[in-house]
Structure formats: C-alpha cells, structure tokens
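Take a look at the letters that make up each chain.
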Amino acid sequence: MGILSLNEAFAKPFVKDEEMQAVRKEAIAAYGTLCGRNGEGSDFLGWMDLPENYDKEEFERILAAAEKIKKSCDILVVIGIGGSYLGARAVIEFLRSPLYNNLKKDTPDIYFAGNTISAAALSELFSICEGKDVCINVISKSGTTTEPAVAFRAFRGFLEEKYGKEGAKERIFVTTDREKGALKKLSAERGYETFVVPDDIGGRFSVLSAVGLLPIAVTGIDISALMNGAALARKELLNDDFDNNPALRYVAYRNIFHRQGKSVEMLVGYEPYLQMLNEWWKQLYGESEGKDGKGLLPDSVIFSTDLHSLGQFVQDGSPILFETVLFIKNSGASFLIPNDEENIDGLNFLTGKQLDYVNEQAMKGTLLAHTDGNVPNLVLELEERNEKALGYLLYFFELACAVSGYLLGVNPFNQPGVESYKKNMFALLGKPGYEAEKEKLTKRLK
Ligand code: PA5
C-alpha cells in the first residue's frame, strides 16, 4: 500500500470497458505529449522536476528567512492572489489547522491579504495588526496585479511608519520574477530580500517553489519532508503504465464522465482542514481546463457539513456531476464520544467510539447512497495527514491536471480568460490608455 491510492469501486460500474479502452489510449498519448515536452505551453513545465531540481541555495535562504520572521514578528501577512497564495494557505490549513492562528504555538499568526478588493477585509486586518510586530511576504510574479499591489502599498506604508524605512526593510520579504517587474525593481532599490517565482512555473503550479514554501516554513511545517513526498510522487507517477498509475486512471475516469455529459467534478472532503486544499484544487483545474468552451467545472464540498445543504442536490438533483472523494485514512486525531447517562439523544450506542470512526462510516454510507442515486464516485485514499503525504498529493493533482488538459485538447498552462475582467475594471477606473474602452463600457452599463 503506497501513500495514495485510487479506489475505483464506486466509479467502475458507471464505465463501460470500451469507454475505458478508448480513453486509455488517449490518456497515454496525452501523457506522452506532456513528457515529450512538445505540447502547447511546454515552456511552463518547471513544476514537473521541481521536487528534485530546485534551487538548493534559495531553499536554505527560505529556511533562514522563516527563522528570522519567527523571531521578529507576531504576525506574518502574506500578500498575493490566486496561485500566489492558495497553495500556501492550503498546505498550512491541511497540516496545521484552519484555526492555526488560534492554536497555542510558538510561530507567528498568518493572515492572507491582497486576495480581494474588500475595504472591510483590509481595514479589519490593519486593526488586528495594531500594536503587533508584523512582517510581510508579498508574492506576485508580475508585481502589478491590482489586489496584492494595493495591499502591499498599504502594508509597506504601515511598516515604514512603524519601524522607519530601514526597520521596514528587515520585515519585507518579496517573492517575484527573477529579473523583471515592478516588485523586483523596488526590492533592488530598497534592499528587500527576494525569492524567485520561476519563469517556467505558472502561479497555480507554484506551491512547491518559494511562492508556497516561505509562508509554509514560517508555520513550522517541515518543507523538506513536503518536497520529499512530491519527489516520491514524481518517481512513482511519471510513467505510462496506465493500469497501475493512479494519476492516469484518475485522468481517464474524469474524462469519461465528462464525455458522458457530466459537467461538474465535485471534490469531497470529510475534514474542515481540507477546505483550502479544495480551493487550491479548484483554481488548478478551473484555470487549466476551462477554456475554448471546454472543461469540467471544479466544485467542492466538505461533508458531513454540506450533506446538510447540498446533499439533497447531489443525491437526486440534476444529474450533472460526479464526485472525487479525498479520504485521509489516519488523521492522527483522537476524540472519543462520551457517555450520557440519560441517553437523551439515543446515541449511547456510540459511547467510547472514535469520532474519526463515525466520520468514516458517514463517508461509506454516503458513497453507497450517492452511487445508488447514480452519481459516480472516485475515492482517493491518502494514508496519513503529514508533510510527505501532502507533498505526494499535490504532485499527483498537478500531474493529473496537466495530462487532463492535453487529453481535453487545451493548453493547460495559460489563462487568457482571466484578463477580460481586468481590462474592463481598468477602463471603468479610468486607467490612462483605456479611454475609448471606458466610453463603450459606460454606455453598456447605463
Ligand atoms: O495561476 C496564476 O497564474 C494566477 O492565479 C496568478 O498567480 C495570479 O493572477 C497572481 O498573479 P501575480 O503573481 O502576477 O500577481
């Protein structure tokens, strides 16, 4: 039994042999395109070798910077949007907790900023930072993305006012392009320590680069073990042995369900600490596949919570979806259900049972119910909740995503659609050079 396995028992009954045989060939061909490095977007394949082929000198600097941040601040504000923050947040919540800031710990609180344009969110965060020692890690490849750029201006001003320019310099850590861009230029002028968003790695594939690793290391997570897990996945999954490769089989199933008319893949977790991993996964698959009028809509839920909201729809609403359940076999947590002498709720048959055991039975019961409702279910079983297993899982999803994109016939590494809203927003805000566009848009809004 490896770290990760794909249980197909609740998906197989929905797939005919001939469907699997047809997709098998195409999935192997798509994998060949990826590994032959001759598909569209092939200049963005740096993530494939990253777990082995990373900048070791920078890795040491990340560890040193994390120590410096731990010693000098109560709060680290991580400024970034999309691929520049989702990976770090997913890993921190998965391995530490969604309530990380409330835990008893000797590492700084972490807040994420620059991922909205919300005045309420930013002003709340400033009031939380009042009277606290603060460091920031601003992460932006371009350096000009509106959301993080606005938050960075505000936090840079806050730090300079509190600590002076020299003091602020010791508290600002910048992750950006190796050579160019507004942040790189500013960092060189002001003397900020910088880390690199590699040229050949897009934002949503960047969690195992400095983009994710610095904030993750600040929380005390073992980033070497995370990388080792990803390296193991690379070793075990980079092959076209379709019958035994869970990444290729996951690719095939989701493609078959898509062809059968399912338009939504719902990633299902049974733990609140999977919430942000769901969000990371949604960006990875949504931005990689959703183009040229194609792609599954990646959606997500946390059960059993959402069984009490969306469960009804999944069970017998429009037949538009299949589920991919991510099940963590050994969460490492222990909570025994207490006895109640009066047995008011009638649940004394559960007395002394582990809550994780109850959760597992809820998962099994739901699998059976949803497949009875004709909803196919793939089950990804992850052995442990630890760095190595999570590193493995992240690489698994990245690899499967890239192969899926090629199988679908899209470039998995670009995101042209993200630009449309930005263009309109800049025009409406009166950015110089957008005057004609502004006039047209304003008329349409009347
Ligand atoms: O995946 C991506 O490429 C995007 O989500 C980017 O990471 C996001 O738009 C932020 O861009 P930048 O790092 O240039 O600020």
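See the structure printed just above.
Sequence positions are assigned chain by chain, starting from 1 and proceeding in written order. In view of the model being predicted, local features appear only for residues whose pLDDT reaches at least 70, and side-chain atom pairs are presented and counted only at 80 or more, with totals across whole chains, interfaces and linings using the full set of residues. No hydrogens and no water enter the side-chain calculation; it runs on all heavy atoms of the structure.

**Thoughts on the pattern of salt bridges**
Stage number 1. Any carboxyl oxygen of Asp or Glu that lies within 4 Å of a side-chain nitrogen of Lys or Arg is treated as forming a salt bridge with it. A complete count under the given rule lists 27 salt bridges for this structure.
Stage number 2. The shortest N-O distance in the salt bridge between Arg 234 and Asp 49 comes to 2.9 Å. Of the two residues, Arg 234 sits in helix 9 (residues 223–237) while Asp 49 sits in helix 2 (residues 46–49), which places them 185 residues apart along the sequence.
Stage number 3. For Arg 234, a relative accessible area of 22% puts it in the partly exposed group. Helical segments are the DSSP runs of H or I of at least four residues, strand segments are the runs of E of at least two, and each set is numbered from the N terminus. Each residue gets one of three labels from its accessible area relative to the maximum for its type: buried under 20%, exposed over 50%, partly exposed in between, using a 1.4 Å probe on protein chains only.

**Re the nonpolar core**
Nonpolar side chains tend toward joint burial in soluble globular proteins.
Stage number 1. In plain words, nonpolar cores are sets of buried Ala, Val, Leu, Ile, Met, Phe, Trp, Tyr and Cys residues tied together by side-chain atoms within 4.5 Å. Core analysis: the biggest nonpolar cluster contains 100 residues, and Leu 34, Trp 47, Leu 277, Trp 280 and Phe 397 have the highest contact counts within it.
Stage number 2. Here, two residues are considered to be in contact whenever any of their heavy atoms come within 4.5 Å of each other. Filtering out sequence-adjacent residues up to four positions away, Phe 397 remains in contact with Tyr 250, Leu 267, Trp 280, Trp 281, Leu 284, Tyr 285 and Leu 380.
Stage number 3. Within the second largest apolar cluster, 21 residues are counted, among which are Val 77, Ala 113, Ile 172 and Tyr 192.

**A closer look at the sheet that holds strand 2 (residues 75–79)**
Stage number 1. Spatially, the five strands line up as an open sheet ordered 3-2-4-5-6, and their pairing is parallel. The sheet is open, and its two borders are formed by strand 3 (109–113) and strand 6 (193–196), each paired with just one other strand. Put simply, the sheet's adjacent strands are angled 20° from each other on average, direction ignored.
Stage number 2. Note on pairing: two strands pair once DSSP finds at least 2 bridges between them. The sheet contact formed by strand 5 (residues 172–176) and strand 6 spans four bridges and is parallel. Residue Thr 175 lies in a different strand from strand 6, and its bridge partner there is Phe 195.
Stage number 3. A fitted line through C-alpha atoms represents every axis, and for helices the fit uses only the stretch in contact; the resulting angles, taken between N-to-C directions, go from 0 to 180 degrees. Where helix 5 (residues 119–129) meets the sheet, its contacts fall on strand 2, strand 3 and strand 4 (134–139), and the angle it forms with strand 2 comes to roughly 155°.

**A look at helix 5**
Stage number 1. Regarding helix 5, the residues found buried are Leu 125, Phe 126 and Cys 129. Projected onto a plane normal to the axis of helix 5, the buried residues spread over an arc of 100° and lie on a single side. Turned more than 90 degrees from where helix 5 packs its buried face, Ala 119, Glu 124 and Ser 127 sit exposed.
Stage number 2. Structurally, helix 5 contributes buried residues whose contacts are with strand 2, strand 3, strand 4 and helix 6 (146–169).
Stage number 3. Polar contacts, as used here, are pairs of N or O atoms within 3.5 Å; protein pairs need one atom able to donate a hydrogen and one able to accept it. Residues neighboring in sequence count only if both atoms are side-chain atoms. Of the residues that open helix 5, the one with a side-chain oxygen 3.3 Å from the backbone nitrogen of Ala 120 is Ser 118.
Stage number 4. In the stretch just after helix 5, Gly 131 is the one whose phi turns positive, near 80°. In this context, the arc is that of the directions from the helix axis out to the C-beta atoms.

**What about the site of the ligand?**
Stage number 1. Residues are labelled near a given molecule or strand when at least one of their non-hydrogen atoms is within 4 Å of it. Inspection of the region around the ligand gives Ile 81, Gly 82, Gly 83, Ser 84, Ser 140, Lys 141, Ser 142, Thr 145, Gly 203, Arg 204, Gln 283 and Glu 287 as its neighbouring residues.
Stage number 2. Ser 142 places a polar side-chain atom, nitrogen or oxygen, 2.8 Å from an oxygen atom of the ligand.
Stage number 3. Contacts to the ligand include Gly 203, whose backbone N or O atom sits 3.5 Å from an oxygen atom.
Stage number 4. Throughout this entry, Asp, Glu, Lys and Arg are counted as charged residues, while Ala, Val, Leu, Ile, Met, Phe, Trp, Tyr, Cys and Pro are counted as nonpolar. The remaining residues, Gly among them, count as polar. Looking at the shell around the ligand residue by residue, the class counts come to one nonpolar, eight polar and three charged.

**Quick word on the pairing of strand 8 (residues 297–302)**
Stage number 1. Pairing analysis gives six bridges linking strand 7 (residues 264–269) to strand 8, with the strands arranged parallel. Note on strand 8: the bridge partner recorded for Gly 269 is Ile 302.
Stage number 2. Considered for its hand, the β-α-β crossover made up of strand 7, helix 11 (residues 275–289) and strand 8 is right-handed. Consider the strands pointing away from the viewer: the crossover is right-handed when the path from the first strand over the helix to the second runs clockwise.

**What about the environment of Pro 432?**
Stage number 1. For Pro 432, the location among the structural elements is in the loop between helix 15 (419–429) and helix 16 (435–445).
Stage number 2. On the basis of relative accessible area, Pro 432 is assigned to the exposed category, the value being 70%.
Stage number 3. The sequence separation of Pro 432 and Ile 216 amounts to 216 residues, and the corresponding C-alpha distance is 38 Å.

**Overview of the sheet that holds strand 8**
Stage number 1. Pairing in this open sheet of five strands is mixed, and the strands run 1-10-9-7-8 from one edge to the other. In the strand order of this sheet, the two ends are held by strand 1 (4–7) and strand 8, each with one partner. Taken over all neighbouring pairs, the strand axes of this sheet differ in orientation by 20° on average, direction set aside.
Stage number 2. When strand 9 (residues 321–330) meets strand 10 (residues 377–384), the two strands line up parallel, connected through seven bridges. Paired with Ile 328 across the two strands is Leu 382, which belongs to strand 10.
Stage number 3. Contacting strand 7, strand 8 and strand 9, helix 11 crosses the sheet at an angle of about 175° to strand 8.

**Looking at unusual backbone geometry**
Stage number 1. Look at the link from Phe 303 to Ser 304: it is a cis peptide, with omega at 5°.
Stage number 2. Among the structural elements, Ser 304 can be located in the loop between strand 8 and helix 12 (311–316).
Stage number 3. Despite not being glycine, Arg 37 has its phi angle at roughly 55°, a positive value.
Stage number 4. Within the element layout of this structure, Arg 37 appears in the loop between helix 1 (17–36) and helix 2.
Stage number 5. Classification of Arg 37 by relative accessible area gives partly exposed; the value is 37%.
Stage number 6. Non-glycine residue Asn 343 carries a positive phi angle of around 50°.

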